Each structure stands twice: as C-alpha cells, then as structure tokens.
Amino acid sequence: MKKRTVLPLIAGVVALALFAGCSAGGKSDSGRHNSAPDVAYETTAVASNAAAERYALAGAGDFKSAEYMVEYEGDFFDEDFTIPQASPDTPGGVNIDPSAGRLLIRTVSVTAETTNYANVSSELENQVKAAGGYIEYSSTSGTGKEKDLRTGIYTIRVPADKLDGLISTVGSSCTVTSSNESTSDVTLEYVDTKSRIEALRVEYDQLMTLLEQAQDLDTIIILQNRLTDVRYEIESSESRIRVLENQVQYATLNLTLREVLEEKEIGDAHVITYGEKVSEQFREMCDNTVEFFQDLGLWLISIIPGLIFMAVIAAVVLIIVFSARSKRRKRRAKALAAKEAAAKEAEAKEAEAKAAEAKAAEAKAAAVKEEAEAKKEISDEENK
C-alpha cells in the first residue's frame, strides 16, 4: 500500500517540477521582452523524462525479507545543504539586472610604446589600484640596458565604468600604436541560467519533501541520486552566474607596453611617394648590411676559442699522420735497399760461378790439347 501511495505522489511532484520550470521561464520571458523587444529569448524548462522513469521504478522493489530493510540516518544525503543564492552586489556601478539593460562583457586590447618604461608601468599599477581593479597577469622581458629594451604584457581587470578612463590615462602617458575592442552580449545566457536555477530549486524542495515521505530503500536511493544531480546542477549554474557577473562588472584590458628609444610621432595621414619608398628601402638595406657584418664579427669572436681548440687538434693529427708516413717511407727504403743488395750479391755469385765454369772449361781444353799433343808425339816417335 505504501508503494502504491508513493508512486502517484512522485508523478505529481514531477508534474509540478515541469509546471514550475515553465512558469519561471514564462515570467523571465515576459520581463526580457519588455526590456529588450528586439531579442528573441528562449527559456529552458527543466523537464526530465529519464528522471520520471527513475521515480516510477521506486515501486518495483519487493522487500519481504528483513535483510533488505535499512534505516535511513541521513548518511546518503545532507539535509542541511543550503541552495546557494546569487550575490546581489554590483561593484563598479555596473547594473547586472537584465531588465534594466543588456549585460555586456568588454575586452580591449592596446599596444603602446614609451621611452620611460619604468615610470609608465609604475603609474599604470597605481591607476589600476585607484580604479578599484587588479592586474590579473603580467610579464616583462628585457633588462632596459645596452639596447635590451623591455616589453611588458598585462591583463588588467577594472570595473567596466572605469575602463575608458584607464585607457585615456594610458594614451596620455605613452604613444598608442594600435587598439581594438570586442563586446560580448551575455544577457540571454544569464537570464536562461537564472531561470534554470529557479526551476532546479523548485524541484530540489519537492524532492526533499518526497525523501521525507519515502519508506522503501529503492525509492530513497533513486531520490538521493536525483537530489545529488540537482544539487550539482544548481552549484554549476550558480558558478556560471558568478563568472558572468564578474566578467560584466569587470572589463578586461590587454595591454602590451614596449620600451623604445624614440616614440613615433603620429601625425596627419600622408601618402608615401615612390622616392620615399626607394629611400626607405635603401636605408633599410644599409642598416641590414651593417647589422649583418656586426653579427658576423661577433660570431667570429665567439667561435675563436673553438677554432683554436680545433686547430690544436688538427695540428696533433697532422703530426701523427706525417710521422707515420715518414716511418713507412723509411721502412720501404730499407726493404728496397736490402732487396737490391741481395740482388747484387746473387749477381756476383752468378758471375763467380760462370768464371769458375770458364776456367774449368779452359783447363779441360788445355788438358785435351796436351793429351792430343802427347799422342801425336808418341805417334811420331813410333813412325820414326
């Protein structure tokens, strides 16, 4: 019986949440059209069929066994949670009521140059503090010495009604070379987010009422899950509202401040002639040539230690190479001399052998001749 009673109650709460969301959106729409008839606004009604289906599942559980019953002690959800409210404060004199006018986010980017960088940057910080703003980001490069000129990049947040005065102060203390401004209209997003928060608050209160009446575990868990989602959505929407309010109330100035040796004189518009273009190109070419040779000289000076080190290494390598070649030549000459001596010795031995053979042949011939003569003498004697 309890489950059958809870189901119609849940369906009724969902219907009330849908009706409350549409009603809040309708009220917001009428106010917006009265203040800005040329803008077509859309209202986001909080309607979640998935949530209704999850509520309907609350009656699906059957808790016949005591082991499935639990005692709700508030551990799953914090009943003391307070729905955050948007801050009504409007610092800087900027109205954040959409019915009184559009909500605009202003962002201005300025590039300026000055010969007195230190004083200008110090005066800028004082002016920002006096205007009730703050420097969100700053970065400085360069030392300001020996032509190392400084460049500062600032992101400044000031009340929107003080932005024009701060820009005028920057323009009077240095030379502005470029500037641009962008404006973003967030009225529609602001009003829609506000309407969504109101609808979520209605749903939150109704879910809390249902949670107090719930008896079974499934219903409690489903309601707690939805309450967690609603609370998260409320906190996210409130955070977005605070961001939009801050961006509307505090405009942004992106300033690039450069230090120069001489500020440019901004005069009347002048048509550059062909002769002036040629003269400018020639002067630029001469400056680039001089700068090139200066850089080349500095580069050569910077690499002298490396050149000396490389020359020493090259000298050592050359000495080693020439020494090895000299030793190789000496070994080759010595081997060649030994080879020539051996050849000469072999030739001498061969000559000696040939001479000995010649002597032996002569001796043999003499012996044969003597023998022939001896035979002839014997033959002559016998004939006698």
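See above for the structure.
Note that the coordinates shown come from a computational prediction; the quantities given were computed from them, not determined experimentally.

Colleague: Residues and numbers for the overall build of the protein chain, please.
Modeller: What the protein chain contains, in helices and strands, is seven helices and five strands. Helices (α) and strands (β) of the protein chain occur, in sequence order from the N terminus, as α-α-β-α-β-β-α-β-α-α-β-α. Considering only contacts within the protein chain whose residues lie at least 6 apart along the sequence, 82% involve residues at least 24 apart. A total of about 25700 Å² of accessible surface is found on the protein chain, and carbon and sulfur atoms cover 56% of it.

Colleague: Any details on a nonpolar patch on the surface? Residues and values, ideally.
Modeller: There is a patch of nonpolar side chains on the surface, built from Leu298, Ile301, Ile304, Ile308, Val312, Val316 and Ile320 and spanning about 680 Å² of accessible area. Note that Ile320 resides in helix α7 (residues 274-383).

Colleague: Residue-level account of a negative patch on the surface, with values.
Modeller: Judged by side-chain charge, Glu370, Glu373, Glu377, Asp380, Glu381 and Glu382 come together as a negatively charged surface patch. Residue position: Glu373 is located in helix α7. With a relative accessible area of 40%, Glu373 lands in the partly exposed category.

Colleague: Describe in detail the packing of aromatic side chains, supporting the description with residues and values.
Modeller: Geometry of an aromatic ring pair is reported as the spacing of the ring centres plus the angle between the planes. In total, this model carries two aromatic pairs according to the counting rule given. With 6.1 Å between their ring centres and 55 degrees between their planes, Tyr134 and Tyr250 make a pair best called tilted. Placement of the pair is Tyr134 in strand β2 (residues 134-141) and Tyr250 in strand β5 (residues 250-259), with a sequence separation of 116 residues. For Tyr250, a relative accessible area of 16% translates into the label buried. With a centroid separation of 5.3 Å and an interplanar angle of 70 degrees, the aromatic rings of Phe292 and Phe293 are classed as edge-to-face.

Colleague: Tell me about the pairing of strand β3 (residues 151-159), and please be specific about residues and values.
Modeller: For β3, the tally of buried residues reaches seven of nine residues, placing the bulk of the element in the interior. Bridge count for β2 against β3 is seven bridges, and the pairing is antiparallel. Pairing of Ser141 across the sheet is with Thr151, part of β3. Two strands pair when backbone bridges link them, and β3 and β5 are joined in this way by nine bridges, in the antiparallel orientation. Residue Ile153 lies in a different strand from β5, and its bridge partner there is Thr256.

Colleague: Give me the sheet that holds β2: which residues, what numbers.
Modeller: As summarised here, the arrangement of the five strands in space is β2-β3-β5-β1-β4, forming an open sheet in which the pairing is mixed. The open sheet has two edge strands with one neighbour each: β2 and β4 (175-185). Going from strand to strand, the sheet's axes swing by 10 degrees on average, the running direction of each strand aside. With 10 bridges connecting them, strand β1 (residues 104-114) and β4 associate as antiparallel partners. Each bridged residue has a counterpart across the sheet, and for Arg106 the counterpart in β4 is Thr183.

Colleague: Break down the nonpolar core for me, with residues and values.
Modeller: Core analysis: the biggest nonpolar cluster contains 19 residues, and Leu124, Tyr154, Ile156, Leu166, Leu253, Leu255 and Leu257 have the highest contact counts within it. Elements with a contribution of two residues or more to this core: β1, α3 (117-130), β3, α4 (163-173) and β5. In this view, Tyr154 contacts Tyr117, Ser121, Leu124, Ile135, Tyr137, Ser138, Leu253, Asn254, Leu255 and Leu257; residues no more than four positions away in its chain are not counted. Tyr204, Leu207, Leu223 and Ile234 belong to the second-largest nonpolar core, a separate cluster that totals 12 residues.

Colleague: Before we move on, can you summarise the pattern of salt bridges with the specific residues and values?
Modeller: For the coordinates displayed, the defined rule picks out 15 salt bridges. The partner of Arg283 in a salt bridge is Asp287, and the shortest N-O contact between them spans 3.0 Å. Residue Arg283 and its partner Asp287 are located together in helix α7, separated by four residues, close to a single helical turn. Among the residues examined, Arg283 registers a relative accessible area of 42% and is labelled partly exposed. Take Asp287: its relative accessible area is 40%, and that puts it in the partly exposed class. For Lys349, the salt bridge identified is with Glu345, shortest N-O distance 3.7 Å. Here the residue Lys349 and the residue Glu345 both occupy positions in helix α7, the gap between them amounting to four residues, near one helical turn. Lys349 sits in the exposed class, given a relative accessible area of 52%. Salt bridges linked by common partners bring Arg196, Glu203, Arg226 and Glu233 together as one network.

Colleague: I'd like a rundown of the packing of α3 against α4, residues and numbers included.
Modeller: Two elements in contact, α3 and α4, have axes whose closest approach is 11 Å; the angle formed by their N-to-C orientations is 165 degrees. Considering their axes alone, α3 and α4 lie roughly antiparallel with respect to each other. Here the hand of the crossing between α3 and α4 comes out right-handed. Residues Val120, Leu124, Gln127 and Val128 of α3 lie in contact with α4, whose contacting residues are Leu166, Thr169, Val170 and Ser173. Of the residues assigned to the contact of α3 with α4, the class counts are five nonpolar, three polar and no charged.

Reading the values: rules and limits
Residues numbered from 1 in each chain as written. Predicted model: local features only at pLDDT ≥ 70, side-chain atom pairs only at ≥ 80, totals over all residues. Heavy atoms only, no water. Helix = DSSP H or I, 4+ residues; strand = E, 2+ residues; numbered from the N terminus. Contact = heavy atoms within 4.5 Å. Areas by Shrake-Rupley, 256 points an atom, 1.4 Å probe, with all protein chains shown as cover. Patch = residues over 30% accessible without salt bridge, like charges linked within 9 Å, V, L, I, M, F, W, Y side chains within 5 Å. Salt bridge = Lys/Arg side-chain N within 4 Å of Asp/Glu carboxyl O. Lys, Arg positive; Asp, Glu negative; His and termini not counted. Charge placed at Lys NZ, Arg CZ, Asp CG, Glu CD. Buried < 20%, exposed > 50% of the residue type's maximum accessible area, 1.4 Å probe, protein only. Phe/Tyr/Trp six-rings, centres within 6.5 Å; stacked < 30°, edge-to-face > 60°. Pairing = 2+ DSSP bridges. Axes fitted to C-alpha atoms, helices over the stretch in contact; angles between N-to-C directions. Core = buried A, V, L, I, M, F, W, Y, C linked by side-chain atoms within 4.5 Å. Parallel < 35°, antiparallel > 145°, perpendicular 65-115°, else oblique. Left-handed = near helix turned anticlockwise from the far one by under 90°. Nonpolar A, V, L, I, M, F, W, Y, C, P; charged D, E, K, R; others polar.

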